[in-house]
Amino acid sequence: MSARFPLTRRCLLKSGMALNLAALGLPLARAWAQSTEEPRLLTAGPGEALLLPAGQPPTRTWLYDGVSPGPTIRARQGEEVAVRLVNNLPQPTTLHWHGIRIDNAMDGVPHLTQEAVPPGGTFDYRFTVPDAGTFWYHPHDRSWEQVARGLYGLLVVEEPEPAEGIRDFSIVADDWRLGEDGQIDEASFGHMMDWSHAGRLGNTLTLNGQDLLEVLIRHNAYMRLRLCNTCNARVLQLRIEHPGIQLVALDGQPVAPRPLADGYIRLAPGERADLLIHFYLEPGDTAAITEVSGGQRLEVGRFVYHPTDRVLHRSEPRLELPANPLSTDLDLANALAVELLMEGGAMGNMAQAMHHGQMMDMRGLVGKGMAWSLNGTAGMTDTPLFTAPRGRTVTVDLRNETVWPHAMHFHGHHFKVLERNGQATEDDAWKDTVLVDVRESAKIAFVADNPGKWMIHCHMLEHQAAGMTTWFQVEA
């Protein structure tokens, strides 16, 4: 469903290498955010990013601390993180800490957990990180515009005892919609064509804000590769053309290590995956990172082996991540059962939906910027989808009655996917985002153990803006 905005390269692949020496184990500039008397400042504001090849103009963007992606904020499991958001944007904003099971007041959802931070304002976020893993942060006010302009970054929570002999490296993938002048296509923001179809699809894919990411590695090195899809709407199908890759975590939660079939990993917007790669090819070899969701092989990065340097290990490094302190004891026999029906969009069969207490036909909904509904309601409601007592197991039957995929994100909790299309799954992953494909159904379950008001929405951000959003409450 993405042919309207196929991904392309802006030039032929360069022969020169913009080598990333972090993968060689050289010191990294880490943005530690553990609690102190004064929080770490994180400034959102206009800036420029070099998204295109050398010799082409910089792209005017909105950035955190002037870099794209925003600075990686690092903490250790169990620490308190303290960040002061400084808003130098021309519109209000917030910070949502995607995937972190934190105190509800710190979740960053305007009008639900806090008021949006006005231009020139600040807001202090303080929370303890209970889980080790790969998470990210982004705005939750006009996120369909602010994320598309470049506002996002990683939050990496390290295990108390990180694995020895394994390099830690992150890749943030995003597709940008750029015009021929290399600038963001601002005129298309808010277009109902995007909002009622697949969402805002870009035409230029970057890894870590680069047109072609090239990472220098050494023969026999091991790497923990953290992948994050920050696209507004595109479901990425990435392939790392290298043997010997294992999947070790999804959405920040460990999974039993398993081989990654032929190097392919599919990530919906908001999803993350941690991989363990053993680089055992010959010095001087290369391994491409490609994107193939559009039916064509697009090379967007590559691992480049040092021509002579090798790594010697006393023993083979392993990366079996310890479990996080999730509530995993699902009481399915006494679960609160909830249904969530997704309807609407172009070529859908939704005739009407409730919006702000009024039943409207599709013409009226489109006039209000709405195109989708959850359980017959378009947009946020005053009352929750459900209320659960603390500690209650909740099951949610998600049913996609549209011709577009939806990445459904649950705030404040992680869940297990029990069924797809009525068939039990064998998946051991605990997720915060689940991709429900066209005409597909999925049944999830979680323990409602985090008190507060928590959002559920499609992470195709235009779908969220156009109606696919609701919330639930967990009683204290």
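Scoring rules and cut-offs
- Residues numbered from 1 in each chain as written.
- Predicted model: local features only at pLDDT ≥ 70, side-chain atom pairs only at ≥ 80, totals over all residues.
- Heavy atoms only, no water.
- Core = buried A, V, L, I, M, F, W, Y, C linked by side-chain atoms within 4.5 Å.
- Buried < 20%, exposed > 50% of the residue type's maximum accessible area, 1.4 Å probe, protein only.
- Helix = DSSP H or I, 4+ residues; strand = E, 2+ residues; numbered from the N terminus.
- Polar contact = N/O pair within 3.5 Å; in protein donor to acceptor, adjacent residues only side chain to side chain.
- Contact = heavy atoms within 4.5 Å.
- 1 Å grid on protein atoms, 1.4 Å probe; cavity = no way out; pocket = protein on both sides within 12 Å on 5 of 7 lines; lining within 4 Å.
- Points joined across faces, edges and corners; volume = space filled by probe spheres on them.
- Nonpolar A, V, L, I, M, F, W, Y, C, P; charged D, E, K, R; others polar.
- Pairing = 2+ DSSP bridges.
- Lys, Arg positive; Asp, Glu negative; His and termini not counted.
- Salt bridge = Lys/Arg side-chain N within 4 Å of Asp/Glu carboxyl O.
- Axes fitted to C-alpha atoms, helices over the stretch in contact; angles between N-to-C directions.
- Phe/Tyr/Trp six-rings, centres within 6.5 Å; stacked < 30°, edge-to-face > 60°.
- Disulfide = S-S within 2.5 Å.

Attention shifts here to the nonpolar core. V396, L398, M408, F410 and F446 are the most contacted members of the largest nonpolar core, which totals 58 residues. Considering each element in turn, this core owes the most residues, 4 residues, to strand β32 (residues 441-448). In this structure, A173, L205, I217 and M223 belong to the second largest nonpolar core, which totals 34 residues.

A word on the side chain of R224. You can see R224 is positioned in strand β13 (residues 221-229). Judged by its relative accessible area of 5%, R224 falls in the buried class. Side chain to side chain, R224 and D274 meet in a polar contact 2.8 Å long. Not counting the four nearest positions on each side in its chain, R224 is found in contact with G133, E159, I166, R167, D168, F169, D274, L275, L319 and L321.

The next thing to look at is empty space enclosed by the protein. What the rule picks out here adds up to 3 cavities of 30 Å³ or more. Considering only enclosed or pocket space, the largest cavity measures out at about 70 Å³ in volume. In terms of lining, the largest cavity is formed by A148, D174, D175, W176, R177, I184, R200, L201, G202 and N232. For the lining of the largest cavity, the class distribution of residues is 4 nonpolar, 2 polar and 4 charged.

Let's shift gears to the sheet that holds strand β31 (residues 433-436). Strands sit in the order β25-β34-β33-β27-β31 across an open sheet of 5 strands; the sheet is mixed. Pairing within the sheet leaves two strands with one partner each, and these edge strands are β25 (387-388) and β31.

Looking at where D141 falls in the secondary structure, it is placed in the loop between β8 (133-138) and α1 (143-146). It is R142 that comes nearest to the buried, bridge-free D141 among opposite-charge side chains, at 6.1 Å. Sequence-distant contacts of D141, defined by excluding residues within four places in its chain, comprise P92, T93, T94, P110, A116 and Q146.

Let us now look at the pairing of strand β28 (residues 415-420). Pairing between β28 and strand β30 (residues 430-431): 2 bridges, direction antiparallel. The residue bridging F415 from the neighbouring strand is K431, located in β30. In the sheet, β28 pairs with β32 via 4 bridges, with the strands oriented antiparallel. What sits directly across from K416, in β32, is A445. Relative to strand β29 (residues 423-424), β28 runs antiparallel, the two sharing 2 bridges. Residue pairing for β29: R420 is matched across the bridge by Q423. Counting the residues in the hairpin turn of β28 and β29 gives 2 residues, including N421, whose phi is positive at 55°.

Pairing is mixed in the open sheet, where 5 strands are placed in the order β12-β20-β19-β14-β17. Each having just a single partner strand, β12 (213-219) and β17 (264-267) make up the two edges of the open sheet. Mean inter-strand twist for the sheet, computed between neighbouring axes without regard to direction, equals 20°. Pairing between strand β19 (residues 286-291) and strand β20 (residues 298-310): 6 bridges, direction antiparallel. Pairing of I289 across the sheet is with G301, part of β20.

With that settled, consider the packing of aromatic side chains. All told, the structure shown has 13 aromatic pairs when counted by the stated rule. When the ring of W97 is compared with that of Y137, the centres are 5.6 Å apart and the planes differ by 45°; the resulting orientation is tilted. With W97 in strand β6 (residues 96-98) and Y137 in strand β8, this residue pair connects regions lying 40 residues apart in the sequence. Note on accessibility: W97 and Y137 belong to one class, buried.

Most of strand β5 (residues 80-87) is tucked away: 6 of the 8 residues are buried. Sheet analysis places β5 next to strand β7 (residues 122-128), joined by 7 bridges and oriented antiparallel. Across the sheet, residue E80 finds its bridge partner in β7, namely T128.

The next thing to look at is the state of the cysteines. Inspection of every chain in the model, using the stated rule, returns 0 disulfides. A disulfide-free cysteine, C228 has its sulfur positioned 9.4 Å from the sulfur of C231, the nearest such atom. Note on C231: relative accessible area 2%, which makes it buried.

All right, on to the layout of surface pockets then. Of the voids in this model, the largest pocket is the one considered here, and its volume is about 600 Å³. What lines the largest pocket is a set of 24 residues, among which P110, H111, M380, M455 and T469 lie closest to the centre. Mapped by element, the contributors of at least two residues to the lining of the largest pocket are α1, β33 (452-458), α4 (461-465) and β34 (469-474). The biggest single contributor to the lining of the largest pocket is α4, with 3 residues. Here the residues of the lining of the largest pocket are counted per class, giving 10 nonpolar, 10 polar and 4 charged.

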